[in-house]
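The lines below spell out each chain.
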Amino acid sequence: MLLVGMVSPTSAHAPQGMLSCETEKQPVNIPSMPLARAIEILSRQTGCPVLIDPILMDGRPSAAVKGAYTPQAALLHLFGSVHIDVTATVSGLSVSPLDATALTSGDTRSGLRSAP
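The sections below set out a description of the structure shown in this document. Computed from a predicted model, the values in this text were never measured in an experiment.

A separate point is the pairing of strand E5 (residues 84–89). Two strands pair when backbone bridges link them, and E5 and strand E6 (residues 92–97) are joined in this way by six bridges, in the antiparallel orientation. Its bridge partner lying in E6, Ile84 is registered against Pro97. Hairpin connection, E5 to E6: the antiparallel pair is bridged by two residues.

Shown next, in the form of structure tokens:
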């Protein structure tokens, strides 16, 4: 597993801050790019670290995400049609595959947009 983003000393002991990864909408504008880079940008923009198995990002492009999203929803959108689950934890967001299609790389998808 790989942790993308940093946990600050104050957020490491503040589960309330992690609730914002689930519930607080923030403006997100990430164009389609390599998924690993897009997740890094999302984590930096939102302050929500992401725990993910690198195989889930390997060779994948992200979907474009633009609009007001919770960090959890934005992360789901970055994966496009890949079947994953995103769960808020005390450490940030955790990504898990839902089926074997999440473990294969190289699928293509179109960008997603949402009104703020």
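Right, picking up where we left off after that structure.
Bringing the state of the cysteines into the picture now. All chains considered together, the criterion is met by one disulfide. Paired through a disulfide, Cys21 and Cys48 show a sulfur-sulfur distance of 2.0 Å. With the S-S bond torsion at -110°, the cross-link from Cys21 to Cys48 turns out left-handed. Note that Cys21 is positioned in helix H2 (residues 15–23) and Cys48 in the loop between helix H3 (35–46) and strand E3 (50–52), a separation of 27 residues in sequence. Judged by relative accessible area, Cys48 falls into the buried class, the value being 1%.

This brings us to the side chain of Thr46. Residue position: Thr46 is located in helix H3. Engagement of the side chain of Thr46 in a polar contact is seen with the backbone oxygen of Leu42, the distance being 2.8 Å. Those residues within four positions of Thr46 in sequence are excluded, and the remaining contacts are Gln26 and Pro71.

On to the environment of Pro31, then. As for its placement among the helices and strands, Pro31 is situated in the loop between strand E2 (26–30) and H3. Under the relative-accessibility criterion, Pro31 is labelled partly exposed at 48%. For the pair Pro31 and Lys66, spaced 35 residues apart in sequence, the C-alpha to C-alpha distance is 7.8 Å. Ignoring any residue separated from it by four or fewer positions in sequence, one finds Pro31 in contact with Ser62 and Ala64.

With that settled, the discussion passes to the nonpolar core. Ranked by internal contacts, the top residues of the largest apolar core, which has 25 residues, are Ile30, Ile39, Ile52, Leu75, Leu78, Phe79 and Val95. Broken down by secondary-structure element, the contributors of at least two residues to this core are E2, H3, E3, strand E4 (65–69), helix H4 (71–78), E5 and E6. If one sorts the elements of this core by residue count, H3 sits on top with five residues.

Let us look at the pattern of salt bridges. In the structure shown here, the tally under the stated rule is two salt bridges. We note a salt bridge from Glu40 to Arg37, for which the minimum N-O separation is 2.8 Å. Separated by three residues within a single helix, Glu40 and Arg37 lie in helix H3, roughly one turn from each other. On the basis of relative accessibility, which here comes to 37%, the residue Glu40 falls in the partly exposed class. A relative accessible area of 38% places Arg37 in the partly exposed class. For Arg44, the salt bridge is made with Glu40, and the minimal N-O distance between the two is 3.7 Å. A residue pair is termed a helical-turn pair when its members lie 3 or 4 positions apart in one helix, as Arg44 and Glu40 do in helix H3 at four residues. Several salt bridges converge on common partners, so that one network encompasses Arg37, Glu40 and Arg44.

Procedures and definitions
- Residues numbered from 1 in each chain as written.
- Predicted model: local features only at pLDDT ≥ 70, side-chain atom pairs only at ≥ 80, totals over all residues.
- Heavy atoms only, no water.
- Pairing = 2+ DSSP bridges.
- Helix = DSSP H or I, 4+ residues; strand = E, 2+ residues; numbered from the N terminus.
- Disulfide = S-S within 2.5 Å.
- Buried < 20%, exposed > 50% of the residue type's maximum accessible area, 1.4 Å probe, protein only.
- Polar contact = N/O pair within 3.5 Å; in protein donor to acceptor, adjacent residues only side chain to side chain.
- Contact = heavy atoms within 4.5 Å.
- Core = buried A, V, L, I, M, F, W, Y, C linked by side-chain atoms within 4.5 Å.
- Salt bridge = Lys/Arg side-chain N within 4 Å of Asp/Glu carboxyl O.

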